[in-house]
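Here are the chains, one letter per residue:
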Amino acid sequence: MPVSPHPLVCAPSILGGHHDNLAGSLERVRASGTSWVHLDIMDGHFVPNLSFGPQTVAALRPLDRDLFFDVHLMLTRPDHYWEAFAKAGADEIIIHVEPFYPIRKTLDAIREHGLRCGLALNPDTPFARALPFLPHIDLLLCMTVQPGFGGQSFREEVLGKIDEAHQHRLDHDLGYRIEVDGGIDRTTAPRCTAAGADTLVAGTAFFHDPDPAAFRTALTREP
Ligand code: DX5
Ligand code: ZN
């Protein structure tokens, strides 16, 4: 029995792929049969790591125009950079609530550009911080690890926040998807979908699994 009003989606994070052959990693994503790919952008300031920029996204875009490019900006000033990723071919741009910048104005600008917009909460950030923005987003990302690195352990205390976010969208008839990101695998995914998550980002577990299609099927099986 599905919990979320949205169909479950697996969004492999290409950060967990092969950085000497991202095109090959994108091929593996496509071979899994999923329709989403998650692209993690890090500035070395909001998070203590650097990943890749709009030029890499632009290089991947023509390789598959059907995959939904879910771009996660882990930046202190996403308002300065979101447009470069829009031009590079993003379909959705997720920005964090924690830094100080015009959040609502940036969300609206992303939507006015014709893209979907998402808002991300770190594990220690309470759901309440998202409340003013929920009617204006297409997706709420409840980080299940502290952002910055793949391969970390799932933080199960976030399950309560997922449940709170799911209950809130039911109570207020809001349509945002609930995405989880970090430590998501065949064991932790069903715990998240049972709490109301519907969009499952997996980097390490996806790229380490011998059968990407079976992995996707396992993650998107209704709870
Ligand atoms: C972490 C990123 C995640 C990461 C995936 O800052 O946002 O998307 O690449 O994490 P794992 O490897 O745990 O699935
Ligand atoms: Zn991410």
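The notes below deal with the structure included here. (Residues numbered from 1 in each chain as written. Chains lettered and ligands numbered in written order. Predicted model: local features only at pLDDT ≥ 70, side-chain atom pairs only at ≥ 80, totals over all residues. Heavy atoms only, no water.)

**Some words on the overall build of the protein**
So, point 1. Scanning the protein from N- to C-terminus turns up eight helices and eight strands.
So, point 2. Taken over the C-alpha trace, the protein has a radius of gyration of 16 Å; the compact-globule value for 223 residues is 17 Å, and the two agree within 12%.
So, point 3. Projecting the C-alpha coordinates of the protein onto the three principal axes gives extents of approximately 45 × 40 × 30 Å.
So, point 4. Looking at the protein residue by residue over its 223 residues, the buried ones come to 57%.
So, point 5. Taking the intrachain contacts of the protein between residues at least 6 apart in sequence as the baseline, contacts between residues at least 24 apart amount to 66%.
So, point 6. For the protein, the exposed area adds up to about 9,300 Å²; of that, 53% sits on carbon and sulfur atoms.
So, point 7. Side chains of the protein carry 19 positive and 29 negative charges; the gap between the two charge centres is 2 Å. (Helix = DSSP H or I, 4+ residues; strand = E, 2+ residues; numbered from the N terminus. Rg over C-alpha atoms; globule rule 2.2 N^0.38 Å. Buried < 20%, exposed > 50% of the residue type's maximum accessible area, 1.4 Å probe, protein only. Contact = heavy atoms within 4.5 Å. Areas by Shrake-Rupley, 256 points an atom, 1.4 Å probe, with all protein chains shown as cover. Lys, Arg positive; Asp, Glu negative; His and termini not counted. Charge placed at Lys NZ, Arg CZ, Asp CG, Glu CD.)

**Topic: the coordination of the zinc ion (ligand 2)**
Octahedral metals with six donors have ideal donor angles of 90 or 180 degrees. Tetrahedral metals with four donors have an ideal donor angle of 109.5 degrees.
So, point 1. The zinc ion (ligand 2) binds to the protein through His-38 (NE2), Asp-40 (OD), His-72 (ND1) and Asp-181 (OD); the donor distances cover 2.0 to 2.3 Å.
So, point 2. Considering all six donor atoms around the zinc ion (ligand 2), the spread of angles at the metal, 67 to 171°, places the coordination shape in the octahedral class.
So, point 3. The sequence pattern describing where the donors of the zinc ion (ligand 2) fall on their chain is H-x1-D-x31-H-x108-D. Highlighted residues: His-38 in strand β2 (residues 36-42) and Asp-181 in strand β7 (residues 177-181), separated in sequence by 143 residues. (Donors = N, O, S within 2.8 Å, 3.2 Å for Na, K, Ca; no water. Tetrahedral: all angles 85-135°; square planar, octahedral: opposite > 155°, others 65-115°.)

**Some details on the nonpolar core**
So, point 1. The biggest cluster of nonpolar side chains holds 59 residues, and the ones touching the most others in it are Ile-93, Leu-140 and Ile-162.
So, point 2. With four residues, helix α3 (residues 78-88) is the single largest residue contributor to this core.
So, point 3. If near-sequence neighbours (up to four positions away) are discounted, Ile-93 is found in contact with Val-71, Leu-73, Trp-82, Phe-85, Ala-86, Ile-110, Leu-115, Arg-116, Cys-117 and Gly-118.
So, point 4. Counting 11 residues, the second largest nonpolar core, distinct from the first, contains Val-9, Ala-11, Phe-68 and Ile-94. (Core = buried A, V, L, I, M, F, W, Y, C linked by side-chain atoms within 4.5 Å.)

**Considering unusual backbone geometry**
So, point 1. With a phi angle near 50°, Asp-173 is a residue other than glycine that sits in the positive phi range.
So, point 2. The exposure class of Asp-173 is exposed, given its relative accessible area of 72%.

**Remarks on the site of ligand 1**
So, point 1. Close contacts around ligand 1 come from 20 residues, with Asp-40, Gly-148, Asp-181, Gly-203 and Thr-204 the closest.
So, point 2. Note that an oxygen atom of ligand 1 is positioned 3.0 Å from one of the backbone N or O atoms of Gly-151.
So, point 3. Within the complex, the protein chains bury 98% of what would otherwise be the 380 Å² of accessible surface of ligand 1.
So, point 4. Taken together, the residues of the shell around ligand 1 break down into eight nonpolar, 10 polar and two charged. (Near = heavy atom within 4 Å. Polar contact = N/O pair within 3.5 Å; in protein donor to acceptor, adjacent residues only side chain to side chain. Nonpolar A, V, L, I, M, F, W, Y, C, P; charged D, E, K, R; others polar.)

**Thoughts on helix α8 (residues 212-219)**
So, point 1. For α8, the set of buried residues is Pro-212, Phe-215, Ala-218 and Leu-219. For α8, the angular spread of buried residues about the axis comes to 120°, placing them on one side.
So, point 2. As for α8, its buried residues are in contact with β1 (9-12), α1 (22-31), α6 (188-195), β8 (199-202) and α7 (204-208).
So, point 3. By the N-cap criterion, in which a side-chain oxygen at the helix start approaches the backbone nitrogen of a residue two or three places on, α8 is capped by Asp-211, the distance to Ala-213 being 3.2 Å. (Arc of directions from axis to C-beta.)

**Section: the state of the cysteines**
So, point 1. The full count for this structure, using the stated rule, is zero disulfides.
So, point 2. Cys-142 carries a free sulfur, and the closest cysteine sulfur to it, the one in Cys-192, is 9.1 Å from it. (Disulfide = S-S within 2.5 Å.)

**Examining the packing of aromatic side chains**
So, point 1. For the coordinates displayed, the defined rule picks out three aromatic pairs.
So, point 2. Their ring planes at 40° and their centres at 4.3 Å tell us that Trp-36 and Phe-68 sit as a pair that is tilted. Separated by 32 residues along the polypeptide, Trp-36 in strand β2 and Phe-68 in strand β3 (residues 68-74) bring together distant segments of the chain. For the residue pair Trp-36 and Phe-68, the accessibility class agrees, reading buried in each case.
So, point 3. Ring centres of Phe-206 and Phe-215 lie 5.9 Å apart, and the angle between their planes is 75°; on these two criteria the pair is classed as edge-to-face. Exposure class is identical for Phe-206 and Phe-215. Each is buried. (Phe/Tyr/Trp six-rings, centres within 6.5 Å; stacked < 30°, edge-to-face > 60°.)

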